[in-house]
Amino acid sequence: MSIFTTRIFIVFIIFLFALQTEAQDMGRVRQHMQQLCSEAMHGRGYISEGDRKAADYIADAFQTAGLKAFQKESFLQYFEISVNTFPGLLLQIDGKTLEAGSDYIIQPISQGGRAQGNLLYITQEVLDNPKAQKRVMKSIKSDYVLVFDETLQSRIFENIAFRPILQKTKAIIVLKAKLTASMAQEAHIFPIFEVLKTKFPKKAKNINFEVKQEVLKNYRSQNVIGYVEGRKHPDKFFVFTAHYDHLGRLGEAYFPGANDNASGTVMLIELAHYFSQNPPDHSVVFMAFGAEEVALLGSRYYVENPYFPLEDITFLFNMDIFGTGKDGATVVNATIHPEIFEKLKAINKKGGYLPQILPREPTANSDHYFFSQKGVPAFFMYLMDSNYTHYHDVEDTYERVTLSHFDKTYHLLIGFAEAMME
Ligand SMILES: [Zn+2]
């Protein structure tokens, strides 16, 4: 080994050591992930007060990290929401019980109800052939539930000939290739089940269902907010945000929401630890928002009821979908802050953190949105992995999510925030 390569080797060892001293506590990361995704948190939604349990857990983590509260003694900022929930679901096809969450979900605007009856299929053939349509209309005897493929949905809803049978159906079953759940604030229509094509019994004839549904009105949810005081400019604020809420429960099933967004929430906690041990010149604020999945209501409430003037936010960085990263990241709002985006990319390149960071136009798809609307400079970053396809389904679990680039992203964000506070 030449002297030159030895020196390179020593430099490499020093480099490794430097990384190690700064590496974050992945054991703590996994523990927080596991807890936030556990059934005890009920999918961090509104049935069984999952949102409140998650918020209390995060407030404890903020306390442990050494954050200060804006409100006396409390990290919680309360607000009220309306949200439609489904505490009980039963769906039997030809006597076979399907499993909520994994076999089927329900459209969030559905009302409750129960019925037994026949299945009435609307197929491509029925749509194309008026004679077949008449046959279907004639075959109606008593209570029925319409069944059709997702690809036919808009044609059926737009076809005036189907209006009478749409008005009298007890429910609808839409056959889907993939289940993607969401939430709504109100209930407007009879139950609309979305059933996986592969789980729907072939040529089934009968249905029996019961949907217990409740719109929770004036339900009290909360944001969790803490900060580290800046040493030189405490009245300037760099803000990290991540929503902690998820889709809650669907009867017996619950949505763990590992990637969306236990991952961003845990990153928020880790950054809180870092900045409280390394206090910068500016104040750094950590906001874990509730009710993001319900029309961004938590961050919307904060923007209308801020703890300090929004103009004093030098930059806001929103983290949502942080559990992977094999294919890099995308940054919403990159196109309106091109210089700051270049800065982020340069820090990423220098540190060799993520394989790529792609720019995206402003989009109303997470908690940065209402801040952006008020003129607060903000990015929303999400990580990407083409192999991780679980989004708003019951399989977005702690066990499945990779956390492959969690540590690298952590270092990228520290580098970026520190550069923004120089
Ligand atoms: Zn989501």
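Residues numbered from 1 in each chain as written. Predicted model: local features only at pLDDT ≥ 70, side-chain atom pairs only at ≥ 80, totals over all residues.

### A few points about the overall build of the protein
So, point 1. Scanning the protein for helices and strands turns up twelve helices and 16 strands.
So, point 2. If one aligns the C-alpha atoms of the protein with their principal axes, the spans along those axes are about 85 × 60 × 40 Å.
So, point 3. Expressed as a percentage of the 422 residues in the protein, the buried residues total 43%.
So, point 4. Residue pairs at least 24 apart in sequence account for 83% of intrachain contacts in the protein once pairs closer than 6 positions are excluded. (Helix = DSSP H or I, 4+ residues; strand = E, 2+ residues; numbered from the N terminus. Buried ≥ 20, exposed ≤ 12 C-beta atoms within 10 Å, placed from the backbone. Contact = placed C-beta atoms within 7 Å.)

### Digging into unusual backbone geometry
So, point 1. Following Asp260, the chain continues into Asn261 via a peptide bond in cis, with omega recorded as 0 degrees.
So, point 2. By the secondary structure assignment, Asn261 is in helix α8 (residues 258-277).
So, point 3. One non-glycine residue with positive phi stands out, namely Ala291, at about 55 degrees.
So, point 4. Among the secondary structure elements, Ala291 is positioned in the loop between β12 (282-289) and α9 (297-304).
So, point 5. According to the C-beta neighbour criterion, Ala291 is buried, with 29 such atoms within 10 Å.
So, point 6. Non-glycine residue Ile321 carries a positive phi angle of around 75 degrees.

### What to know about the environment of Thr402
So, point 1. Structurally, the position occupied by Thr402 is in the loop between β16 (378-383) and α12 (406-420).
So, point 2. Considering only alpha carbons, one finds Thr402 and Gly27, 375 residues apart in sequence, at a separation of 14 Å.

### With respect to helix α10 (residues 338-351)
So, point 1. Taking 1.5 Å of rise per residue, 14 residues should cover 20 Å, and α10 covers 20 Å from first to last C-alpha, within 8% of that figure.
So, point 2. The complete set of buried residues in α10 reads Leu344, Ile347 and Asn348. Each buried residue of α10 sits inside an arc of 100 degrees when the element is viewed along its axis, so together they form one side. Of the exposed residues in α10, those oriented more than 90 degrees away from the buried face are Pro338, Glu339, Glu342, Lys349 and Lys350. (Expected span 1.5 Å × (residues − 1). Arc of directions from axis to C-beta.)

### Remarks on the domain arrangement of the protein
So, point 1. Domain annotation of the protein identifies domain 1 (22-84 + 217-420) and domain 2 (85-215).
So, point 2. Taking only C-alpha atoms, the centre of domain 1 and the centre of domain 2 are 37 Å apart.
So, point 3. Residue-level contacts link 20 residues of domain 1 with 23 residues of domain 2.
So, point 4. Among the elements that line the side of domain 1 that touches domain 2, the one with the most residues is strand β1 (residues 76-93), at three residues.
So, point 5. Grouping the constituent residues of the side of domain 1 that touches domain 2 by class yields eleven nonpolar, five polar and four charged. (Domains from an automatic or database assignment. Nonpolar A, V, L, I, M, F, W, Y, C, P; charged D, E, K, R; others polar.)

### Description of the confidence of the model for the protein
So, point 1. Model confidence for the protein is summarised by a mean pLDDT of 94, while 95% of its residues fall at 70 or above.
So, point 2. In the model, residues 16-21 has pLDDT below 50 throughout and makes zero contacts with residues more than four positions away in sequence or in other chains. (pLDDT = per-residue confidence, 0-100.)

### Describing the pairing of strand β5 (residues 144-149)
So, point 1. Pairing of strand β4 (residues 113-121) with β5, which is carried by four bridges, proceeds in the parallel orientation. Each residue of the ladder has a partner; that of Tyr121, found in β5, is Val147.
So, point 2. Relative to strand β6 (residues 172-176), β5 runs parallel, the two being bridged by four bridges. Bridge assignment links Asp149 to a residue of β6, and that residue is Leu175. (Pairing = 2+ DSSP bridges.)

### Observations regarding the nonpolar core
So, point 1. Counting residues in each nonpolar core, the largest one holds 122 residues, and the members touching the most others are Ile58, Phe62, Ile173, Val224, Leu268, Ala272 and Phe286.
So, point 2. Per element, the largest residue contribution to this core is nine residues, and it comes from α8.
So, point 3. Each of domain 1 (22-84 + 217-420) and domain 2 (85-215) contributes no fewer than three residues to this core.
So, point 4. In this structure Ala272 touches Phe62, Ala65, Leu67, Gly226 and Phe286, once residues within four positions along its chain are discounted. (Core = buried A, V, L, I, M, F, W, Y, C linked by C-beta atoms within 7 Å.)

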